[in-house]
Amino acid sequence: MPEALRRFKADVFSVLAHPTRIHIIESLRDGELSVGAIIERIGVEPANASQHLSILRSKRLVVNRKDGNQVFYSLRDPLLTEVLDSMRRYFQAHLEEALDILQEMEAS
C-alpha cells in the first residue's frame, strides 16, 4: 500500500509540475469557471489552455460540464488547494530563511 500511495502522490505532483496548470487550479479555487474565463485569467492561448485542461481532467484533478456551447471546469476536490497553500508556506519559510542569511552577510 505505501508504494501505491507514493505513486499516486508522484502522479499528482507530476501534473502540478507545470506553472500553467497550477495557475488554472488556483483560478478554480473559488469555484467553477468557463474555459473563456480561465483563458482570460491565466493569459494563455486557447489551444495551450485546452492542452493543460485536458491533462488536469485526465488525471482527475478537475471536472467539467457542458452548458450549451460553453464548457465549465471546477476542482474535483478543493483539498488540492490546501496542497498548493502548503507549498506557498514552504516557499515563504525558506525564502525568509534565505533573506535572513543574506541580511547577515550584508551586515558583516
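Please refer to the structure placed before this passage.
Along each chain, the written sequence defines residue order, and numbers are assigned to residues from 1. A pLDDT threshold of at least 70 governs which residues receive local features in this predicted model, and a stricter bar of 80 or more applies before side-chain atom pairs are shown or counted, although totals over entire chains, interfaces and linings include all residues. Remark: hydrogens and water are excluded; side-chain values derive from all non-hydrogen atoms of the structure.

A. Spatial organisation of helix H3 (residues 35-42). When a residue's accessible area, from a 1.4 Å probe over protein chains only, is under 20% of the maximum for its type it is buried; when over 50% it is exposed; and in between it is partly exposed. Here a strand is any run of E in DSSP of at least two residues, a helix any run of H or I of at least four, and the numbering for each starts at the N terminus. Within H3, the full set of buried residues consists of Ile38, Ile39 and Ile42. Each buried residue of H3 lies within a common arc of 100 degrees when the element is viewed along its axis, so the set occupies one face. In the stretch just after H3, Gly43 is the one whose phi turns positive, near 65 degrees. Summarising the geometry, the arc corresponds to the directions from the helix axis toward the C-beta atoms.

B. Spotlight on the pairing of strand E2 (residues 62-67). At least two DSSP bridges between two strands are required for those strands to pair. Across six bridges, the pairing between E2 and strand E3 (residues 70-75) is antiparallel. Directly across from Asp67, in E3, lies its bridge partner Gln70. Hairpin connection from E2 to E3: two residues lie between these consecutive antiparallel strands, with Gly68 at a positive phi of about 70 degrees.

C. Examining helix H4 (residues 46-58) more closely. Expected helix span is given by 1.5 Å per residue-to-residue step, counting one fewer step than there are residues. Here H4 contains 13 residues, and its C-alpha end-to-end distance of 18 Å stays within 8% of the 18 Å for a straight helix at 1.5 Å per residue. Among all positions of H4, only Ala49, His52, Leu53 and Leu56 are buried. Seen from one end, H4 has its buried residues packed into an arc of 100 degrees, which puts them on one side. Residues Ala47, Gln51 and Ser58 are exposed on H4 and point more than 90 degrees away from its buried face. In this structure, the buried side of H4 is in contact with helix H1 (2-15), helix H2 (19-27), H3, E2 and E3. Arg60 occupies a position one or two residues after H4 and carries a positive phi of about 60 degrees. Only heavy atoms enter the contact rule, under which two residues are in contact if any of them lie within 4.5 Å.

D. Geometry of the packing of aromatic side chains. Ring geometry is summarised as follows: Phe, Tyr and Trp rings, the Trp one being its six-membered ring, pair when their centres sit within 6.5 Å, and such pairs are stacked at plane angles under 30 degrees, edge-to-face over 60 and tilted between the two. Tallying each qualifying case throughout the model produces zero aromatic pairs. The ring of Phe72 carries the charged tip of Arg65 above its face, separated from the ring centre by 4.6 Å. Placement of a positive charge over a ring is assigned whenever Lys NZ or Arg CZ falls within 6 Å of the ring centre and within 35 degrees of the normal to the ring plane.

E. Molecular detail of the packing of H2 against H4. Axes here mean lines fitted to C-alpha atoms, for a helix over just the part in contact, with angles spanning 0 to 180 degrees between N-to-C directions. The interhelical angle for the contact between H2 and H4, taken along N-to-C directions, is 75 degrees, at an axis separation of 10 Å. Judged by the inter-axis angle, H2 sits roughly perpendicular to H4. Counted together, Thr20, Arg21, Ile24 and Ile25 of H2 and Asn48, His52, Leu53, Ile55 and Leu56 of H4 form the full contact between these two elements. Residues are grouped as follows: Ala, Val, Leu, Ile, Met, Phe, Trp, Tyr, Cys and Pro are nonpolar; Asp, Glu, Lys and Arg are charged; every other residue, Gly included, is polar. Taken together, the residues of the contact of H2 with H4 break down into five nonpolar, three polar and one charged. Oblique is the label for every angle not falling under 35 degrees (roughly parallel), over 145 degrees (roughly antiparallel), or within 65 to 115 degrees (roughly perpendicular).

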